Every structure is written in structure tokens, then in C-alpha cells.
Amino acid sequence: MRTFRQRVWVAALAIACGLTAGGVAGYWLGRNLAVTQSETRLEQYATRIIDEGQRSTAESRKVLAAMNGSSFPMCSDEEISYFGKLVYESKYLKAAGRMHDGKIECSSSLGRAAQSQVQYKADILQRDGTRMYRNLAPFRVGNEVVIAIQQGDSFIVYSPMSLSQVLNPAIELTITDLDAPDYEAGHIAGAPVQAASYLIKDGQFRDKDLLYGTHCSPDGVICASAHVPLKQAVTNNRIQIGGFVALGELAGTLLGLVCAIIYRRKHDFANQLLRAIRKDALRIVYQPIVDLENEQIVEVEALARWTTEDNEPISPDDFIKVAEEKGFVGQITRLVVRHVLRDFGKTLRDRPGFRVNVNIAAADLADPSFLPMLEKALADAKVPASALGIEITESYTARQQVAKETILRLREKGHYVHIDDFGTGYSSLAYLHDLAVDAIKIDKAFTRAIGTDAVTVTILPQILTMADTLGLRVVVEGIETPQQAKYFARADQSIYAQGWLFGRPVPAEDFHRMLEGKKAASERTLPALETVGAIASPVPAA
């Protein structure tokens, strides 16, 4: 995307920074400041981990108390279903069950099939009798540390993904349980090193070539210590250190040039995108959504595509992110709405019940002009609000306080609201009920797991049951094979599907030919689902 001249400038800049890095005074000043900031960030990171751990611990204690108070026969169908309900309503858990003498009797995710003659030994035994296990074989997830807690005959398993929003893969963690008989046995996660003061006491510490930031729970039982090599901390802050060198040796001249060039590079990309929007040069393509019950197209999703002035296609995730950072993502939303109503206005007026779905960004949820714009565009096109569906990524709803109010107003206007990429944020039952949406779109990561031994497959029935309980429509993304379609078609509830098996994103004219049954480049003949060979167990009835 960059021109040859721009690449020369970048190379020259790198050489200049390398030469000026020899300034001793500037280097050491910048280095010491970078190390201090890294230690502060490590302690803040450890604090976030402990705070999240406190919330997950409180939830697990509540669930274990409910399980131990169960009135159902042990490991009966009723009790397993009850455990499953507790897990569905939780935020941090992936499974719950019974364990006796170290042997798993049953669990919410595996049923009584979880019974095993394998006797597991607790990795940590706390003073109150609580047992902690790391990576019980039936619940292991790749290289992730999966923690299970047992009180009495009841145990719960934490989801390794529940902390995904606060974990930083670039930072090592050592989590220590000080309630264990000895510190070395009490390491929950991280390298099993001998206990040291910087692992069990709040503060910032440096040991040889490692930087530590530690924070302990209010009761002093659990401590999280984040640590990175000193060399990595310096490397991560090399631009800042280079700035101090340039400031000391060249009185800020070179540093100003660096900032100017970096800004221009970023600004050029944003300007190209802005020019493309103003010239209406973004392409809008449409992907069908079918009803698995009769394989008919019932909805379509509008997707934006952009190719730069240097003829380089840019991922929507990348250019949408730039538009959000620069504050003009709302212009893309308006462009998509304009194209949709131009391309499908007549279809939406002539075909009641047919719907086109558009994606909106977090900034749209907070933009007071968004809803009036939408209402005026629909009125000008004489298209009912019910014909334009709204898709909101799950992470947007979690970050934006105004999401709930905006979704409510959208539904009051008649729009059909989806939560997109559902499952990537691990929403709870209470969270979905609070948002009051119409449908969820199951992320394609779950679809890809069908036919494999991935743990995510066991979550699908739970998601479908949860959706059925809340009366939510389910749309499954990423269906590419008849086996995947077969899996969901056998569910005892209405399910919509989207994926390459039913059609790739195509221009409006191709989609209209597909919709009218005419031959088009994107059209394909789908095998009847009834003829597809049996695969994994069907999705159970809700």
C-alpha cells in the first residue's frame, strides 16, 4: 500500500533512530522511566486479575452451595439438568458435577458418561477442605489451565475463556494460593517456583532480570504476580526510549520528524478511506440467510468491502477499526443503509417478511443522530422498519452503557435486532435477558467445531436451549458443509443458517437473480439435508 518513496522514508527513519540510540544520557533516562511504567502496568494487571478472580470465586461458592443443597438423587437426570441450569446462568463456569473419592461420577456437560475409574488427586487442598484440580482430563482445553474446585461431593469447572477479556498473552502470571499447606504446592498457575516475597505481597519488585507486579486478594489467600523479562519491558518501550535519546541528542528535532511521518502514514490510510466513502467507492455485497426447515432464503446480510487506491483489498475488520478510531465510522453505516435501500427497496416493499440485515458499530449506538437518520432513510424509501434488521457485535453491547437503551428504541421502531458473533464474549443468561434482543447469531468458531472433539461442541446444545428459553431466534454463521447443516437441522426449534454452503457474498444484481431462481454465478444446488449422512449426536430438543 505504501509507495516506494514512503518505504525509503521509513527505512531512513529506522536508521536515524538506531544511530541516535547511542546517546547515553537520553537512553538511561528513557530506560528507567520505561521500566517504572512497566512495573506499574504489571501491578495494575495483577489487580485486574485478582478483582476478576474475586467475582468468579464468589459465583463458584454460590453455585457449589446450591449444588450441595440439591434435593435430587445424586447424578440423576434431574440433578444433572439442575447443574446444567446453574452453569447456563453463570458467567465464569463451563461445567458442574459430582466427584467422590477423586472419581468423577457425572457432570453437566458429559452426563453420567463422565463416570470413570480414573482417580484424580487434588493439586491443592485448602485448610477448609476445598480441593483444587488443574486440568482434569475430561475438561482439558489445549494448553489452557482449566481449574476445577470441589467442596463436598460437588465440583465446578471454570471456563478458561471467562478471563479472556482481561488476560494478556504477552505477560506471564504466577497465581499463588496461600491457604495451601506449603507455597510451592499452592501455585495455581504459572511456573511452580519457590515462594518469594514478590509473589505473596502487594507491590512492584525486581529480581535479577525479571520485573514483578503483585496484588493479593483482600483476605490475603490468593496472590497474582505478573512478570516480564526486563529486556522485554525495555523492548516494548523502545519507541519511548528512542524519543528520549533523540530529545537529548538532537533537542527534539528528530523526534518531531518521527511523529510527523508516523502521523502522515496513518493519516494517509484514513484519508483514502474517507475519499472512498465520499466517492461512494465502497462495495456492498450480500450473503443469503436461509431457513433450515425449508432451505428458503428469508434474510440477507449486507457486508462492506473496500479496495484501496493502490488496488489492495482491506479486511473489513481493519478499515472499520480505522474509521472508529478516526471518528467517521457512522459515515460507513450511512453508506451501507443507503446502498441497501437502493438495492433492495422494491424487494422489501414487494416481499413482506423478507429482511436485510446491516451491522452497526459501537459509535452508532452512542450517536444521537443515528436513529433519526435511520428513520428518515426508511421513510424516504417507503420501507418498513421491520424490513431492516440490525446486527450488533456482542463485545459492543458489553462495552457501551447506551447499548441497552438504543436496542430498546430500535425494537420500539420495529427493527429486528441480532447479537452478532454470539459466544465470543461468553454472555450469561441474565445478560441476554437484560438486553431484550430478538435473535443471536452463533459465531462460526462453534460451527467449525462440529464433527471434532473440541469442547466448544458441548456448548452448542446449551446455547440453543438458552435461546429457546428466552424465545430468541437462532442464526448459525459459517456453515460450509452439509454435515454442519444436518447438525442444526435436526434441532427441535427453528434455526436460520448462513455460510458458503448456501451462498457467498455477491453483488445485489447477482443476489436478485438468485432470489428469483435465475441462473447466476453465485448460485449452487444444495443437497437435501435429509440425504446427508449421520454425524455427531443431533442437537437435543429444547
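Refer to the structure printed above.
Read on for a plain summary of the structure.

Rules used in this analysis
- Residues numbered from 1 in each chain as written.
- Predicted model: local features only at pLDDT ≥ 70, side-chain atom pairs only at ≥ 80, totals over all residues.
- Heavy atoms only, no water.
- Phe/Tyr/Trp six-rings, centres within 6.5 Å; stacked < 30°, edge-to-face > 60°.
- Buried < 20%, exposed > 50% of the residue type's maximum accessible area, 1.4 Å probe, protein only.
- Lys NZ or Arg CZ within 6 Å of the ring centre and 35° of its normal.
- Helix = DSSP H or I, 4+ residues; strand = E, 2+ residues; numbered from the N terminus.
- Polar contact = N/O pair within 3.5 Å; in protein donor to acceptor, adjacent residues only side chain to side chain.
- Contact = heavy atoms within 4.5 Å.
- Pairing = 2+ DSSP bridges.
- Axes fitted to C-alpha atoms, helices over the stretch in contact; angles between N-to-C directions.
- Parallel < 35°, antiparallel > 145°, perpendicular 65-115°, else oblique.
- Left-handed = near helix turned anticlockwise from the far one by under 90°.
- Nonpolar A, V, L, I, M, F, W, Y, C, P; charged D, E, K, R; others polar.
- Disulfide = S-S within 2.5 Å.

### Examining the packing of aromatic side chains
One pass over the full model with this rule turns up 8 aromatic pairs. Here Tyr487 and Phe488 contribute two aromatic rings whose centre-to-centre distance is 5.2 Å and whose plane-to-plane angle is 75°, an arrangement assigned as edge-to-face. Note on Tyr487: relative accessible area 3%, which makes it buried. Among the aromatic residues, ring-to-ring pairing joins Tyr286, Phe344, Phe354 and Phe511 into one connected group. If you follow Arg351 out to its NZ or CZ, it ends over the ring of Phe354, 5.8 Å from the centre.

### Points about the side chain of Glu79
Within the secondary structure layout, Glu79 lies in helix 3 (residues 77-88). Side chain to side chain, Glu79 and Arg98 meet in a polar contact 2.7 Å long. Apart from residues lying up to four places away in sequence, Glu79 is in contact with Ser70, Phe72, Pro73, Met74 and Arg98.

### Looking at the sheet that holds strand 2 (residues 103-107)
Reading across from one edge, 2-1-6-5-4-3 is the order of the 6 strands in this open sheet, with antiparallel pairing throughout. Across the chains shown, the open sheet's two edge strands, defined by having one partner strand only, are strand 2 and strand 3 (124-125). Looking at chain direction, strand 1 (residues 93-100) and strand 6 (residues 154-158) are connected through 5 bridges and run antiparallel. Bridged to Gly97 within strand 6 is Phe155.

### With respect to unusual backbone geometry
Residues apart from glycine generally show negative phi values, whereas peptide bonds are mostly found in trans. Of note in the backbone geometry, Asn135 takes a positive phi value of approximately 60° without being a glycine. Along the chain, Asn135 turns up in the loop between strand 4 (131-134) and strand 5 (147-151). Despite not being glycine, Glu295 shows a phi value in the positive range, around 60°. Here Glu295 falls in the partly exposed class, since its relative accessible area comes to 27%.

### What about the packing of helix 8 (residues 329-350) against helix 10 (residues 370-381)?
Close contact between helix 8 and helix 10 brings their axes to 10 Å; oriented N to C, the two are set at 30°. One way to sum up the angle between helix 8 and helix 10 is to call them roughly parallel. The way helix 8 lies across helix 10 gives a crossing that is right-handed. Side by side, helix 8 and helix 10 meet where Thr333, Arg334, Val337, Leu341 and Arg349 of the first sit next to Phe370, Met373, Leu374, Ala377, Leu378 and Ala381 of the second. Grouping the constituent residues of the contact of helix 8 with helix 10 by class yields 8 nonpolar, 1 polar and 2 charged.

### Considering the state of the cysteines
Taken as a whole and assessed by the stated rule, the structure comprises 1 disulfide. For Cys75, the disulfide goes to Cys106, at an S-S distance of 2.1 Å. On the S-S bond that ties Cys75 to Cys106, the torsion sits near -85°, and the link is left-handed. Highlighted residues: Cys75 in the loop between helix 2 (24-68) and helix 3 and Cys106 in strand 2, separated in sequence by 31 residues. Each member of the pair, Cys75 as well as Cys106, is classed as buried.

The values reported here are purely geometric and, on their own, carry no functional implication.
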